[in-house]
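Working through the structure, step by step
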Amino acid sequence: MSELSTDRKTILSGMQPSGELGIGHVAGALRNWVKLQNEYDSLFCVVDQHAITVRQEPAKLRKRTLDIAAMYIAAGIDPEQSVVFVQSHVPEHVQLAWVLTCMTGMGECARMTQFKDKSESNADNINVGLFTYPILMAADILVYNADLVPVGQDQKQHLELARNLAERFNHHYSQTFTVPEPYIPEVGGKIMSLQEPTKKMSKSDPNQNASIWLIDTDDQIRNKIKRAVTDSGSDIVYNEELRPGVSNMMSLYHIATGKSFADIEQEFAGTSGYAPFKEAVGEALVGYIRPIRERFLEVRADKDGLDKILHAGAEQARARARKTLRKVHKKIGFVE
Ligand code: AQP
């Protein structure tokens, strides 16, 4: 198991077990976690407490929490090197969140676009947790004094709140928290729905053709790409505003092959229609996702092995979180 040290900088990130992980999660976050884990003290959690801001079926939540932890490992997170754990196993996150809640203005939460979007899509359950979610996310990050948070573009606004809260606490009491920086990839920071390319590809999208899941079979991947909505026109050029469908597919092709947009444009210059391009994107994704899916099935089948990783991860994370929380409680005047 890895040992968390204080000499190296720290990264922290997480994903909600609110559905299957898809290619967007790899593009926006996971592949950067894998890259960064060699240089940083790394903590990756499955944020089950965030997931319950939207109604979840208990059996599915339990299963998906383990699925997502296994998917981290399948995608290349090395539990010998990085700490992998479940958020609810480390109660210090919620304890710090309460302190931060008492330092956050109502307006700061009310302006979050994700709150507005999710309030619309869950109109029958606009709960206080949905509103204060970004404060818990700030606590997830600050409790480890993370320097860097590798996330997709949709999390940028939440990260800004974490930065503001760290600065506010440091200013009001004394230097305590590291002010975290976001790490958002230039390409792949926001992969769009295959069916509505102006909307983010999302775990909770009920349209199964809108997302490529990491557990999709080769044929499912090929078919979804074949059916993906493209734009009017037929040339392969990158222009997010005018050609969102094709641009999204070019981002996917880049993720799977590493080819630049200029190279992709050149590769398909002069081909007629989208069919050859779509076929190439489908095949590239099949090749990219297959080893992740196969490794996932292996990791997930070893229930004891996964339990051990998560148990050890929680122990390590708690040791670190406890230190921060103790310091915070002391500074705000709680009796030890
Ligand atoms: N489409 C995407 N493109 C790039 N990055 C993405 N991420 C999510 N979707 C895309 C990034 O993956 C991480 C997952 O974060 P999360 O599980 O906390 O939830 P989220 O951002 O709200 O993702 P979803 O899939 O949209 O979940 P639901 O449907 O439950 O709300 C983050 O780093 C995110 O930026």
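Residues numbered from 1 in each chain as written. Predicted model: local features only at pLDDT ≥ 70, side-chain atom pairs only at ≥ 80, totals over all residues. Heavy atoms only, no water.

Our focus in this paragraph is the domain arrangement of the protein. We note that the domain assignment places domain 1 (10-188 + 303-332) and domain 2 (208-296) within the protein. Each partner contributes residues to the interface: domain 1 has 15 residues there, and domain 2 has 15 residues. At the boundary of domain 1 with domain 2, total buried surface from both sides reaches about 1400 Å², with 82% on carbon and sulfur atoms. Connecting domain 1 to domain 2 are zero salt bridges. Of the residues forming the side of domain 1 that touches domain 2, the biggest block, five residues, is contributed by helix α3 (residues 58-74). Residues that form the side of domain 1 that touches domain 2 fall into these classes: 10 nonpolar, two polar and three charged. (Domains from an automatic or database assignment. Contact = heavy atoms within 4.5 Å. Buried area = accessible area lost by both parts, 1.4 Å probe. Salt bridge = Lys/Arg side-chain N within 4 Å of Asp/Glu carboxyl O. Helix = DSSP H or I, 4+ residues; strand = E, 2+ residues; numbered from the N terminus. Nonpolar A, V, L, I, M, F, W, Y, C, P; charged D, E, K, R; others polar.)

What follows covers the nonpolar core. Grouped together as the largest cluster of nonpolar side chains are 58 residues, with contacts concentrated most on Tyr72 and Phe277. With 10 residues, helix α12 (residues 275-301) is the single largest residue contributor to this core. Looking at which domains feed residues into this core, each of domain 1 (10-188 + 303-332) and domain 2 (208-296) supplies at least three. The contacts of Phe277, once residues within four sequence positions are left out, are Ile236, Val246, Met249, Met250, Tyr253, Ile264 and Phe268. Judged by nonpolar contacts, the second largest core, of 43 residues, contains Cys45, Phe85, Phe115 and Val151. (Core = buried A, V, L, I, M, F, W, Y, C linked by side-chain atoms within 4.5 Å. Buried < 20%, exposed > 50% of the residue type's maximum accessible area, 1.4 Å probe, protein only.)

Tracing the sequence through the fold places Ile212 in the loop between β5 (181-183) and α9 (218-227). C-alpha of Ile212 to C-alpha of Leu21: the two residues are 191 residues apart in sequence and 8.7 Å apart in space. Beyond its immediate sequence surroundings of up to four residues, Ile212 is in contact with Gly22, Ile23, Leu194, Met201, Ile221, Lys224, Ile225 and Ile289.

This brings us to the pattern of salt bridges. Applying the stated criterion across every chain, the model contains 23 salt bridges. In this structure, the salt-bridge partner of Lys63 is Asp67, at a minimum N-O distance of 2.6 Å. Taken together, the residues Lys63 and Asp67, both in helix α3 and four residues apart, mark about one turn of the helix. In this structure Asp67 comes out as buried when scored by relative accessible area, which is 8%. For the salt bridge of Arg222 with Asp219, the shortest nitrogen-to-oxygen distance reads 2.8 Å. In this pair, Arg222 and Asp219 both sit in helix α9, three residues apart, roughly one turn of the helix. Residue Arg222 is classed as partly exposed on the basis of its relative accessible area, which comes to 26%.

Here we take up the site of the ligand. Taken together, the neighbourhood of the ligand is formed by 23 residues, with Ser18, Asp154, Ser202, Lys203 and Ser204 sitting nearest. Interatomic distance of 2.7 Å between a side-chain N/O atom of His25 and an oxygen atom of the ligand. Taken by itself the ligand offers 650 Å² of open surface, and the protein chains cover 97% of this. Looking at the shell around the ligand element by element, the count peaks at four residues for helix α1 (residues 23-36). Class assignment for the residues of the shell around the ligand results in six nonpolar, 12 polar and five charged. (Near = heavy atom within 4 Å. Polar contact = N/O pair within 3.5 Å; in protein donor to acceptor, adjacent residues only side chain to side chain. Areas by Shrake-Rupley, 256 points an atom, 1.4 Å probe, with all protein chains shown as cover.)

Once that is clear, we can look at the side chain of Gln37. Tracing the backbone through its elements, the reader meets Gln37 in the loop between α1 and β2 (41-46). Using a relative accessible area of 4% as the deciding quantity, one classes Gln37 as buried. There is a polar contact of 2.8 Å between the side chain of Gln37 and the backbone oxygen of Gly76. Once residues within four sequence positions are removed from consideration, Gln37 is found in contact with Arg8, Ile11, Ser42, Phe44, Gly76, Ile77, Asp78, Gln81 and Ser82.

Further remarks concern unusual backbone geometry. Positive phi, normally seen in glycine, also occurs at Asn145, with a value near 50°. Within the secondary structure, Asn145 sits in the loop between α7 (128-142) and β4 (148-150).

With that settled, the discussion passes to helix α8 (residues 156-172). Compared with an ideal rise of 1.5 Å per residue, which puts 17 residues at 24 Å, α8 spans 24 Å between its outermost C-alpha atoms and is within 8% of the ideal. Along α8, the residues classified as buried are His158, Leu159, Leu161, Ala162, Arg163, Leu165, Ala166, Phe169 and Asn170. (Expected span 1.5 Å × (residues − 1).)

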